[in-house]
Amino acid sequence: MIHYHTYRSYLKKRFGKPVLKIPLNGGFSCPNRDGTASTNGCLFCDNRSFSPVADRTAEPTLRQLQSIISRPGAAGKPLLPYLQPFSNTYGTVDRLKAVYEPLLEVPGVTGLAVGTRPDCFTEEVFRYLADLSRRTYLSIELGLQSSHDSTLALCNRGHTWNDFLNTLDQLATDGIETVAHVMIGLPGETSDMIYETALRLGNLPVRGVKIHQLMIIAETEFAEWYRTGRCEVLELERYSELLCGFLERLRPDQHIHRIVADATRENGLIAPLWSADKTTALRYIHRYMDEHDVRQGKLLTV
Ligand code: SF4
């Protein structure tokens, strides 16, 4: 049984065969770290754990792509470079062009996926992205985490739900595909708040949703909160329950980019330790879905 609409299957349908999505480091920074919004960053943030390419800042982005696609297994596949860590629209249009455009010239590249924050757009950047999306497949992933301003403030996100709405509105007006990145298990969030975020996203022109559990990573502010009992993490069973409730409140046509994240103890994972074994976690979640007859959008149609 198909429980949810995966992004992988959407890409396969769109490009006629499985697409190889390749994480790359574009060398951008983040306004929530460089002092523009804040110097502390989000309280859960450690890009080392969140992205396999977070420490490849010294290597030109094009060279990262070339070295990955020269490996066996990439031949003949449509390629989707994915600028993942930090905020990859945080710069001038010239800077963006210098990173993005050479990637698009690589044979086999079918488009571009760009991770960023809702507050990293200027008029010029919107115009450039609109032009880019007319030339190639473009997916913009907006870090959101929650639709509740109280949670965003508590996590020191440095932007509001309204910032997300405004940016989303402009991207949708420009015909650009968007993805919202959300986290389940943030401190202070009840199940009703989590489900409210799903319902709100289902009412917006958001094409994709990327979901994962709160992970506590060493040397983040949340690591201290966890140590002193100010925040907790979800057991896999409870996470599965909340995740499934979330999926059942999204629109059935929204692409699901991810339902669980992983990290290693070597990269600082403190909790929950089930995050270190993604295969087992996915197996557990899929079995939960089977047992509970979970279907994306189910609660919107009954
Ligand atoms: S916006 Fe992203 S890169 Fe910036 S501090 Fe937050 S999680 Fe880290």
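Our subject is the structure that appears above.
Novice: Before we go on, may I ask you to explain the packing of helix α4 (residues 93-104) against helix α5 (residues 123-135) in this structure?
Specialist: Any two packed helices are characterised by how steeply their axes cross, that is the angle between the axes, and by the distance between the axes. For the pair α4 and α5, the least separation of the axes is 11 Å and the interaxial angle reads 15 degrees. Between α4 and α5, the angle is such that the two are roughly parallel. For α4 against α5, the interelement crossing comes out right-handed. Between α4, through V93, L96, K97, Y100, E101 and L104, and α5, the contact on the second element is made entirely by E124, V125, Y128, L129, L132 and R135.

Novice: What's the story with the packing of aromatic side chains in this structure? I'm lost.
Specialist: Geometry of an aromatic ring pair is reported as the spacing of the ring centres plus the angle between the planes. According to the stated counting rule, one finds eight aromatic pairs in the structure shown. With a centroid separation of 5.5 Å and an interplanar angle of 35 degrees, the aromatic rings of Y239 and W274 are classed as tilted. Residue Y239 is found in helix α10 (residues 236-247), and its partner W274 is found in the loop between β9 (269-271) and α11 (278-291); the two are separated by 35 residues along the sequence. Members of the aromatic cluster, joined through ring pairs, are F44, F222 and W225. The positively charged end of K21 is found above the aromatic ring belonging to Y82, 4.1 Å away from the centroid. Over the aromatic face of F28 sits the side chain of R95, whose NZ or CZ is 4.3 Å from the ring centroid.

Novice: Got a minute to help me understand the packing of helix α3 (residues 61-69) against α4 in this structure?
Specialist: Packing of α3 against α4 leaves a shortest axis separation of 9 Å and a crossing angle of 25 degrees. The angle between α3 and α4 places the two elements in the roughly parallel class. Here the hand of the crossing between α3 and α4 comes out right-handed. In this structure, α3 uses T61, L62 and L65 to contact α4, whose residues at the interface are V99, P102 and L103.

Novice: How should the pairing of strand β2 (residues 79-83) be read in this particular structure?
Specialist: In summary, the side chains of a regular strand alternate between the two faces of the sheet. Within β2, five of the five residues are buried, which leaves it mostly tucked inside the rest of the structure. Across the two faces of β2 the burial is the same, with L79, P81 and L83 and L80 and Y82 all buried. The pairing of strand β1 (residues 20-24) with β2 spans five bridges and is classified as parallel. Its bridge partner lying in β2, K21 is registered against L80. The pairing of β2 with strand β3 (residues 111-116) spans two bridges and is classified as parallel. Residue pairing for β3: L83 is matched across the bridge by V114. Each parallel crossover has a hand, and for β2 linked through α4 to β3 it is right-handed.

Novice: I tried to follow α11 on my own but got confused; where do I start?
Specialist: Two residues of an α-helix separated by three or four positions point the same way, owing to the 3.6 residues in each turn. Spanning 14 residues, α11 covers 20 Å between terminal C-alpha atoms, matching the ideal 20 Å at 1.5 Å per step. If you check which residues of α11 are buried, you get A281, I285, Y288 and M289. Down the axis of α11, the buried side of the element spans an arc of 100 degrees, and every buried residue falls inside it. The outward face of α11, more than 90 degrees from its buried face, is lined by the exposed residues T279, R283, D290 and E291.

Novice: Please clarify how the pattern of salt bridges should be interpreted in this entry.
Specialist: Any two side chains of opposite charge can pair, so long as their charged atoms come close to each other. For the coordinates displayed, the defined rule picks out twelve salt bridges. Here R14 and E177 are joined by a salt bridge, their closest N and O atoms 4.0 Å apart. One end of the pair, R14, is in helix α1 (residues 7-15); the other, E177, is in strand β5 (residues 177-184), with 163 residues separating them in the sequence. For R14, a relative accessible area of 45% puts it in the partly exposed group. Between R117 and D119 there is a salt bridge, with its nearest N and O atoms 2.8 Å apart. Taking the relative accessible area as the measure of exposure, R117 reaches 4% and is therefore buried. We classify D119 as partly exposed; its relative accessible area is 30%. Each of E101, D131 and R135 takes part in a single network of salt bridges with overlapping partners.

Rules of the game
- Residues numbered from 1 in each chain as written.
- Predicted model: local features only at pLDDT ≥ 70, side-chain atom pairs only at ≥ 80, totals over all residues.
- Heavy atoms only, no water.
- Axes fitted to C-alpha atoms, helices over the stretch in contact; angles between N-to-C directions.
- Helix = DSSP H or I, 4+ residues; strand = E, 2+ residues; numbered from the N terminus.
- Parallel < 35°, antiparallel > 145°, perpendicular 65-115°, else oblique.
- Left-handed = near helix turned anticlockwise from the far one by under 90°.
- Contact = heavy atoms within 4.5 Å.
- Phe/Tyr/Trp six-rings, centres within 6.5 Å; stacked < 30°, edge-to-face > 60°.
- Lys NZ or Arg CZ within 6 Å of the ring centre and 35° of its normal.
- Buried < 20%, exposed > 50% of the residue type's maximum accessible area, 1.4 Å probe, protein only.
- Pairing = 2+ DSSP bridges.
- Right-handed = clockwise from strand over helix to strand, strands pointing away.
- Expected span 1.5 Å × (residues − 1).
- Arc of directions from axis to C-beta.
- Salt bridge = Lys/Arg side-chain N within 4 Å of Asp/Glu carboxyl O.

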